[in-house]
Every structure is written in structure tokens, then in C-alpha cells.
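The primary structure of each chain is shown beneath.
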Amino acid sequence: MSSLYERIGGQAAVDKAVEIFYRKVLADDRINEFFDGVDMEQQINKQKGFLTMVFGGPNNYTGKDMREGHKHLVARGLNDSHVDAVIELLGATLQELGVVAEDIQAVADIANSVRDDVLNR
Amino acid sequence: MPHIIFDEQRIELDEGQTVLSALLDRGYDIPNSCRAGVCQTCLMQAVEGEVPETAQTGLKDTLKTQGYFLACSCEPQTPLRVVASEANILRCPATVIEHELLCADILRLRLEPEQGVDYRAGQYITLWKDDMIGRSYSLASVAELDEYLELHIRRIPDGIVSNWLHDEIKTGDTLQIQAATGNCFYIPGSAEQKMLLAGTGTGLAPLIGIARDALRQGHSGDIQLIHGTRQVDDLYLHQTLLDMATQHANFHYHASVLQADKLTAPISTVPLEQRVMELATDPTDWRIYLCGDVDMVNTLKKKLFLAGASISNIYTDPFVSAPDA
């Protein structure tokens, strides 16, 4: 039984998914205000790290990183509805790339597992 | 909080404070210009301690390994002993061989450096007024085609360096220049790729260099160059670009001005950003260069990315001016 990360396509899938995902994020009025004025290259690198993690790949994320990295956004009003939107866009990205529903659910589960850290609660 | 040692003094840094800001606060006269990690004017050297990676962005490996760093983007996490870099470490004298006004406020400087300067068309060099004051200018020349370095200098109101270059410097004078840097240049390969070059004002300098470099290397895909200015008289290389379009079937020139009494193609008053998006309706595989006004660069970068361009295909050179002009 191959791992989730391998089934999705590993590093190559991350590289392919990241721009599709980021485009969806920037185009979505529910969440794009949180991305105003950020450096696009840096943001893409951060999102590669995020995608690698939720695809079940090798990553060094800790709960502390998640908390620190989103503290300023929580202060600006980041809440569950925004996390829901991100997970929805993640699912739409994976669907476009032909990932099966079961694996998309597994990715959403990993993303949900860091929800409390992201929202600093 | 971390501290630095400079001039045998221990200097405490505030949270998030840069080495440059701490030294300026203490009254040290440290050369600096953009304060955004771009121009490399505030180059310093760490002789003890660990320099954060971000403070060495854009430096040559040879400098990195010697502990050189940019004081304006250095927020050390651990103690650091720093020294001023030797004023001439990167500098080289160059003679002015041409000093010509191209339009009301843009000067063309052609320089002959005393020693060869390695650069890619589209990169920028720093030009020094004295030991302390330097400004970055993009190169408009192409190393393989031109025997001189060419810069386009816009006169900035109250600009210390630009006014000096416009009013006091003349042909035959010697200036101090500093090695070329920057990531906005043509990379050979994918010769059939469509290219988009958009710039405002002297953002045209790197773009014309990049276009000539691409043509020189046999780029066969269409190259669309769009120059945006306030008025028709500011289209300072209009005839040159028209000639290039005549000579090269795949080179296309468009001009966008804010105001004009009468318009002749390829000049239009359709705003630059709109013009770009009309030309690049599907920029998915295009190679894109954006130079000049910071807002224009950031807006178009985002719009083109959303329209399908890949971030790795978008090269930018936003012009950051010095805080004290």
C-alpha cells in the first residue's frame, strides 16, 4: 500500500498544485484580503511547504510554527470560515489534478488536524 | 536582545531592528540608499558571528563566504561583530564618454569602465557620487553588443545623485561604479516562447537591453514591448524602438501615454496595465519582464499570474527610490 503522498504524486504534484491553489486563493474574496501585499515568491514557497504537509509528505512543521505563523492573521480576524475556504480550494485543486475523492478527504483531514494551531486556540 | 559590536562599541538592537538602523541611530555614517535589500549600497562585513541568510540575498557567493551582508536587511539573532566594507571593494572607475539628454528629464550616460564589467543586460550597477552616496541604475546596454555601459537617468526632484549627474557631470569625467547585480535578465532557451516586456519611465532601460539580448541570441517567439509614460515627449526611445520593430519581424512596440493631443500608432492612451492584459490574454507560457514603478510591477505581476502566467516566468525590477531622494 503506497502512502498518500506517493499516490498524489509526491514533489511533482506539489509543484503542479501550488500555482493552481495559490491562484484560487488570490481570486477568492472570502480570504484574499489576508494575502494583500505579501511577497508572491515567498508565499509560493510557504504554500509548497503547506501542500507537502497536507499531502502527507516529509515536513518539519510544528504546532508552534503554525501558531506563530498565523498569529498576526488571527489578530486580523482569521477564523474557522477562512480555514474552511482554504480546505475547499485545496479540494478543488486536487480534483482538477485528478486526485480521487478518498485521497482528497485524507488531505482535508490532515489540514483539519492543524486547524486549532492555525487559529491559535 | 542580540547586540552587535562595531568600532569597538557594543550596540544593543531592538526587536526587529536592522544593523543599519541601529548604527544610524547611534550617529554612525553608514552608506545606504534603498534600505530594501536591493541596491547593495550598505554592504558591510561580519568578522565574527552568524549572518542571517536573508541579509545576503543577491550577493555573489564569493562575498557571502567572506561574511559580507546588507546592513539594511540584517536582523541578527545572535551577536555579530561587524566592520564597514572597504569603500572600494566592489568599485571600479569609469569614464563618461557620452552625456546626452533624451527628453526633458532623462539623461543618457555612456560609460567606459577601466576594467571589464561582467553583466547580463537588464541588471543594474551602483553609481557613486562619493564614498557615502550611491544610487542604482539599470543597464540599458548589452555586454556582447556594446563597448560601453549605458544608463538612463531620470532627474528626481531634489535627487542628490540624479541632479549631480544631470548638471555637473560632463563627458570625460570619471565616475566610480559598482559591480552589476539583479535577476531580471534574458536566459537562453525556449527561443519560441512569447515574451512580454512592460515598463514605465526609465523602466525601459533594462527592457531594451533584455529585448536586444534576446534578439541577439536568436529568440524567435514574439516579443511585445510596452512603454508607459506621462506624455508623448517622454517616450524617449520612440524612434529607436520603431526601428527595432522594422528590423525584427517578431519585435513589437507599443506605447501608452496618460495624455496626448493627437495619437499615431503605436501610441495610445489606453492605460499600460489594460494594454498589457489585452496583449497577453493567455499568458500561460509567456516569459514576462516588468520594470519601473513599484505599484505597476506588483499589480501586473498579480494580474498576469491570475491570468495563468507561472511565477517562475515573471521577472521584475521594481524601482525603489532612496528614502531621502
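It should be emphasised that the depicted structure is a prediction, and the values quoted were computed from it without experimental measurement. (Residues numbered from 1 in each chain as written. Chains lettered and ligands numbered in written order. Predicted model: local features only at pLDDT ≥ 70, side-chain atom pairs only at ≥ 80, totals over all residues. Heavy atoms only, no water.)

Draft legend 1. Examining the nonpolar core more closely. By size, the foremost hydrophobic cluster in this structure holds 55 residues, and its most contacted members are A:Leu51, A:Val54, A:Phe55 and B:Leu304. Examining the composition of this core, we find that eight residues originate from one element, helix H2 (residues 10–27) of chain A, more than from any other. The residues touching A:Val54, leaving out its near neighbours within four places in the chain, are A:Leu4, A:Leu90, A:Val107, A:Ile110 and A:Ala111. Membership of the second largest hydrophobic core comes to 31 residues, among which are B:Leu204, B:Ile223, B:Phe251 and B:Ala255. (Core = buried A, V, L, I, M, F, W, Y, C linked by side-chain atoms within 4.5 Å. Buried < 20%, exposed > 50% of the residue type's maximum accessible area, 1.4 Å probe, protein only. Helix = DSSP H or I, 4+ residues; strand = E, 2+ residues; numbered from the N terminus. Contact = heavy atoms within 4.5 Å.)

Draft legend 2. Spotlight on the domain arrangement of chain B. Residue and element names in this part refer to chain B. Its domain assignment divides chain B into domain 1 (3–84), domain 2 (91–181) and domain 3 (195–319). The straight-line distance from the C-alpha centre of domain 1 to that of domain 2 is 26 Å. Taken together, the eleven residues of domain 1 in the interface contact twelve residues of domain 2. Approximately 780 Å² of surface area, both sides summed, lies buried where domain 1 meets domain 2, with 44% of it carried by carbon and sulfur atoms. Across the domain 1-domain 2 interface, the total number found is zero salt bridges. Our enumeration of links across domain 1 and domain 2 arrives at five residue pairs in polar contact (both at pLDDT 80 or more). Looking at the side of domain 1 that touches domain 2, its residues break down into four nonpolar, five polar and two charged. (Domains from an automatic or database assignment. Buried area = accessible area lost by both parts, 1.4 Å probe. Salt bridge = Lys/Arg side-chain N within 4 Å of Asp/Glu carboxyl O. Polar contact = N/O pair within 3.5 Å; in protein donor to acceptor, adjacent residues only side chain to side chain. Nonpolar A, V, L, I, M, F, W, Y, C, P; charged D, E, K, R; others polar.)

Draft legend 3. Looking closely at the environment of B:Leu109. Residues and elements named next belong to chain B. Along the polypeptide, Leu109 turns up in strand S7 (residues 106–113). On the basis of relative accessibility, which here comes to 0%, the residue Leu109 falls in the buried class. Considered as a pair, Leu109 and Thr299 are 190 residues apart in the sequence and their alpha carbons are 30 Å apart. Excluding residues that lie within four positions of it along the chain, Leu109 makes contacts with Val96, Glu98, His99, Leu127, Leu149, Glu150, Leu151, Ile153, Leu165 and Leu175.

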